[in-house]
Amino acid sequence: IDTGTGEEEGFKIGDTIGGAVATLNIVEMLSDRGELAEAEALLRDALPQWRASRYRYFLGGCLSYLGRVAFRAGRIDEALVHFDEAKGHFAHVGADQDALSVDARIAACHVAQGHTDAALDLVAGLERARRDHVRMRRDRDVAHEAAVDTPLVTDAHEVVVEVVEQ
């Protein structure tokens with residue numbers, strides 16, 4: 001029985017999952033330092049493990065990082081492919097905030113391609129999602145937490161609007 005977490009597959013392949021999670025942390029550091037080729041090589045090595053494990057959340061994370069590396073390397077079309085697949089995995093497991101973060105990166109790709117209308121449409125959707133999230137939190141009487149939970153959406157909106165206005 002597959003519980004959706006990939007536990008059964010993890011037992012079959014041994015404890016490679018812990019190493020693959022650590023790889024994502026290393027990739028983030030390499031990418032931040034501009035060592036894109038090294039980061040991409042690690043991600044491409046880890047990708048088959050995530051696909052086999054059925055841990056869709058971490059598969060989405062790996063694909064999102066591949067998208068970030070491709071974006072930083074100027075391969076915008078490739079970045080969009082990775083981001084689109086990552087968003088699908090995040091949505092499948094209900095990781096809404098991660099899916100919204102990917103939407104912000106997709107909007108940045110649209111800006112880089114000169115498709116500002118598409119970027120603004122996506123940002124408008126992000127803003128609606130942020131407002132809906134705040135409303136939902138308010139309904140549960142914890143609206144003060146919403147400001148903490150949605151900084152990526154707010155930051156993405158500000159960055160994309162600033163780039164488009166330039």
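Residues numbered from 1 in each chain as written. Predicted model: local features only at pLDDT ≥ 70, side-chain atom pairs only at ≥ 80, totals over all residues. Heavy atoms only, no water.

### What about the nonpolar core?
Argument step 1. If you look at the biggest cluster of nonpolar residues, it comprises 33 residues, and the most contacted ones within it are Leu43 and Trp50.
Argument step 2. Sorting elements by how many residues they give to this core places helix H4 (residues 56–72) first, with seven residues.
Argument step 3. When neighbours within four sequence positions are excluded, Leu43 is seen to be in contact with Leu24, Val27, Cys62, Tyr65, Leu66 and Val69. (Core = buried A, V, L, I, M, F, W, Y, C linked by side-chain atoms within 4.5 Å. Buried < 20%, exposed > 50% of the residue type's maximum accessible area, 1.4 Å probe, protein only. Helix = DSSP H or I, 4+ residues; strand = E, 2+ residues; numbered from the N terminus. Contact = heavy atoms within 4.5 Å.)

### Describing the confidence of the model for the protein chain
Argument step 1. Here the protein chain averages 78 in pLDDT, and 69% of its residues register 70 or above.
Argument step 2. The weakest mean pLDDT in the protein chain belongs to helix H8 (residues 143–149) at 48; the strongest belongs to helix H5 (residues 76–92) at 96.
Argument step 3. With pLDDT under 50 throughout, residues 141–148 is counted as low confidence; its partners more than four residues away or in other chains account for seven contacts. (pLDDT = per-residue confidence, 0-100.)

### Some points on helix H3 (residues 36–53)
Argument step 1. With 18 residues, H3 should reach 26 Å at 1.5 Å per residue; the first-to-last C-alpha distance of 25 Å fits that figure.
Argument step 2. At Ala46, H3 shows its maximal kink, close to 30°; a proline, Pro48, follows between one and four residues later.
Argument step 3. Looking only at H3, the buried set comprises Leu36, Ala39, Glu40, Leu43, Ala46, Leu47, Trp50 and Ser53.
Argument step 4. Positive backbone phi, approximately 70°, marks Arg54, located one or two places after H3. (Expected span 1.5 Å × (residues − 1). Bend = angle between axes of the 7 residues up to and from the residue.)

### A few points about unusual backbone geometry
Argument step 1. With a phi angle near 70°, Arg54 is a residue other than glycine that sits in the positive phi range.
Argument step 2. Relative accessible area serves as the criterion here: at 42%, Arg54 is assigned to the partly exposed category.

### Here we look at the packing of aromatic side chains
Aromatic ring pairs are reported here in terms of the distance separating the ring centres and the angle at which the planes meet.
Argument step 1. In the structure shown here, the tally under the stated rule is four aromatic pairs.
Argument step 2. Aromatic side chains Trp50 and Tyr55 sit 6.5 Å apart centroid to centroid with 85° between the ring planes, which places their arrangement in the edge-to-face category.
Argument step 3. With a centroid separation of 5.4 Å and 55° between ring planes, the pair formed by Tyr57 and Phe90 is classed as tilted. Remark: Phe90 occurs in helix H5 and Tyr57 occurs in helix H4; sequence separation between them is 33 residues.
Argument step 4. Overall, Tyr57 belongs to the partly exposed group, its relative accessible area being 36%.
Argument step 5. Through a chain of ring-to-ring contacts, the aromatic side chains of Trp50, Tyr55, Tyr57, Phe58 and Phe90 assemble into a single cluster. (Phe/Tyr/Trp six-rings, centres within 6.5 Å; stacked < 30°, edge-to-face > 60°.)

### Here's the deal with H5
Residues spaced three or four apart along an α-helix point in a common direction, a consequence of the helix completing one turn every 3.6 residues.
Argument step 1. Between its terminal C-alpha atoms H5 stretches 24 Å, which fits the 24 Å expected from 17 residues at 1.5 Å a residue.
Argument step 2. Within the span of H5, buried status applies to Ile76, Ala79, Leu80, His82, Phe83, Ala86, His89 and Phe90.
Argument step 3. In this structure, the buried side of H5 is in contact with H3, H4 and helix H6 (96–112).
Argument step 4. Phi for Gly94, located one or two positions after H5, is positive at around 80°.

### Some details on the side chain of Thr23
Argument step 1. Mapped onto the fold, Thr23 is located in helix H2 (residues 17–32).
Argument step 2. A residue is classified by how much of its surface remains accessible, and Thr23, at 16% relative accessible area, is buried.
Argument step 3. Setting aside anything within four residues of it in sequence, one finds Thr23 in contact with Leu42 and Ala46.

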